[in-house]
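Chain residues, written in single-letter form:
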Amino acid sequence: TASKKKRREPPPIATLETASEGFLGSMESNGNSRGTIASYGAELKLAQSEIGAETPVAEITPEMITTYFESPRVTLLRSGKPKSQLSIDKTRRVLRLAIDWATREGWIEKSPVPKTRANDEPAPTPKAKRTKGVTVIANDAVVSNSETAA
């Protein structure tokens, strides 16, 4: 039987902390690895420490996001040297993904994450995973190998 994805009900006041927890829970439900979830969790803890864990997500403004994205904890190593652009982009992407999740779940009306060229690019096509005779594409579609063989 196909499992139907349930929307998570927002708490009375959806904070950055509760939205982060909901997003990480959805990653676990979607089968993301423990390592990925732990890594994203660390990035979201950083965002919570800078923006405020108890800040209602509905009150986060584009200016708050921009200030966080440009903050030393996002852009610099502890030594003061610049972080790699890949590291900076990941930190920014994880917060954007969590807020986009909260938006899709109806916890907030509109994402406060400012639009950038990188955000506007289409998402890459999901990689197919082979599992004992079937290929799983995205999270829901399952196609037998005989259907994917060209």
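Computed from a predicted structure; not experimentally measured.

Side note on the overall build of the protein chain
Now for step 1: Each helix and strand in the protein chain was counted, giving 7 helices and 3 strands.
Now for step 2: From first element to last, N terminus to C terminus, the protein chain shows the α and β order α-α-α-α-α-α-β-β-β-α.
Now for step 3: Within the protein chain, buried positions represent 32% of all 150 residues.
Now for step 4: For the protein chain, long-range pairs separated by at least 24 residues make up 52% of all intrachain contacts whose partners lie at least 6 apart in sequence.
Now for step 5: Counting only carbon and sulfur atoms, one obtains 54% of the accessible surface of the protein chain, whose full area is about 10,300 Å².

Description of the confidence of the model for the protein chain
Now for step 1: Taken residue by residue, the protein chain gives an average pLDDT of 82. The fraction at 70 or more is 69%.
Now for step 2: Counted against residues more than four places away or in other chains, residues 119–123, with its pLDDT under 50, gives 4 contacts.
Now for step 3: Contacts from residues 137–150, a stretch scored under 50 in pLDDT, to residues over four places away or in other chains number 21 contacts.

Considerations on the nonpolar core
Now for step 1: If you look at the biggest cluster of nonpolar residues, it comprises 28 residues, and the most contacted ones within it are Phe23, Ile65, Tyr68 and Leu95.
Now for step 2: No other element matches helix H5 (residues 85–104), which puts 7 residues into this core.
Now for step 3: Residues contacting Phe23, with those up to four places away along its chain left out, are Tyr40, Leu44, Val94, Leu97, Ala98 and Trp101.

Section: helix H3 (residues 62–69)
Now for step 1: Within the span of H3, buried status applies to Ile65, Tyr68 and Phe69. Around the axis of H3, the buried residues are gathered within 95 degrees of arc, so they sit on the same side. Exposed positions of H3 whose direction lies more than 90 degrees from the buried face are Glu63 and Thr67.
Now for step 2: Where H3 is buried, its residues contact helix H2 (34–51), helix H4 (72–75) and H5.

A look at the environment of Thr66
Now for step 1: Relative to the elements of secondary structure, Thr66 occurs in helix H3.
Now for step 2: As for Thr66 and Arg92, which are separated by 26 residues in sequence, their C-alpha atoms are 9.7 Å apart.

Overview of the packing of H2 against H5
Now for step 1: Relative to each other, H2 and H5 sit at 85 degrees, their axes nearing to 9 Å. With respect to each other, H2 and H5 are oriented roughly perpendicular. Residues Ser39, Tyr40, Glu43, Leu44, Leu46, Ala47 and Ile51 of H2 pack against Lys90, Thr91, Arg93, Val94, Leu95, Leu97 and Ala98 of H5.
Now for step 2: Here the residues of the contact of H2 with H5 are counted per class, giving 9 nonpolar, 2 polar and 3 charged.

Reading guide: rules and limits
- Residues numbered from 1 in each chain as written.
- Predicted model: local features only at pLDDT ≥ 70, side-chain atom pairs only at ≥ 80, totals over all residues.
- Heavy atoms only, no water.
- Helix = DSSP H or I, 4+ residues; strand = E, 2+ residues; numbered from the N terminus.
- Buried < 20%, exposed > 50% of the residue type's maximum accessible area, 1.4 Å probe, protein only.
- Contact = heavy atoms within 4.5 Å.
- Areas by Shrake-Rupley, 256 points an atom, 1.4 Å probe, with all protein chains shown as cover.
- pLDDT = per-residue confidence, 0-100.
- Core = buried A, V, L, I, M, F, W, Y, C linked by side-chain atoms within 4.5 Å.
- Arc of directions from axis to C-beta.
- Axes fitted to C-alpha atoms, helices over the stretch in contact; angles between N-to-C directions.
- Parallel < 35°, antiparallel > 145°, perpendicular 65-115°, else oblique.
- Nonpolar A, V, L, I, M, F, W, Y, C, P; charged D, E, K, R; others polar.

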